[in-house]
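Summary of structural features
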Amino acid sequence: MTSHEVLILAAGLYLGFVITAAVHMLWAADQAARAARAGQAAATAALKHAVGDRYLADFQLDRLIHGRKEQA
């Protein structure tokens, strides 16, 4: 191999490394964004579930209290 071919090989290896690193960074950022959206969706669903449970518990308690007063 001539020195010119070795230089081209080295430049090709470096260019391949840079492109691979850039693609990996973009892929990792996309995965992190997906995970963040999934976490946000799970948190929102859990909050709605908790609010619904609280409302149902309050409603049942209100029915128990007022139901016993009406029977007496």
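Conventions adopted
- Residues numbered from 1 in each chain as written.
- Predicted model: local features only at pLDDT ≥ 70, side-chain atom pairs only at ≥ 80, totals over all residues.
- Heavy atoms only, no water.
- Helix = DSSP H or I, 4+ residues; strand = E, 2+ residues; numbered from the N terminus.
- Rg over C-alpha atoms; globule rule 2.2 N^0.38 Å.
- Buried < 20%, exposed > 50% of the residue type's maximum accessible area, 1.4 Å probe, protein only.
- Phe/Tyr/Trp six-rings, centres within 6.5 Å; stacked < 30°, edge-to-face > 60°.

Topic: the overall build of the protein chain
A tally of helices and strands in the protein chain yields one helix and zero strands. The C-alpha radius of gyration of the protein chain comes to 31 Å, more than 25% above the 11 Å expected for a compact globule of 72 residues. Buried residues in the protein chain amount to 0% of all 72 residues.

Notes on the environment of Ala-43
As for its placement among the helices and strands, Ala-43 is situated in helix H1 (residues 3–71). Taking the relative accessible area as the measure of exposure, Ala-43 reaches 42% and is therefore partly exposed. Note: C-alpha distance between Ala-43 and Leu-61 (18 residues apart in sequence) is 27 Å.

Things to note about the packing of aromatic side chains
What the rule picks out here adds up to one aromatic pair. With centroids separated by 6.4 Å and ring planes inclined at 15°, the aromatic side chains of Tyr-55 and Phe-59 adopt a geometry described as stacked. Residue Tyr-55 and its partner Phe-59 are both found in helix H1; the two are separated by four residues, about one turn of the helix.

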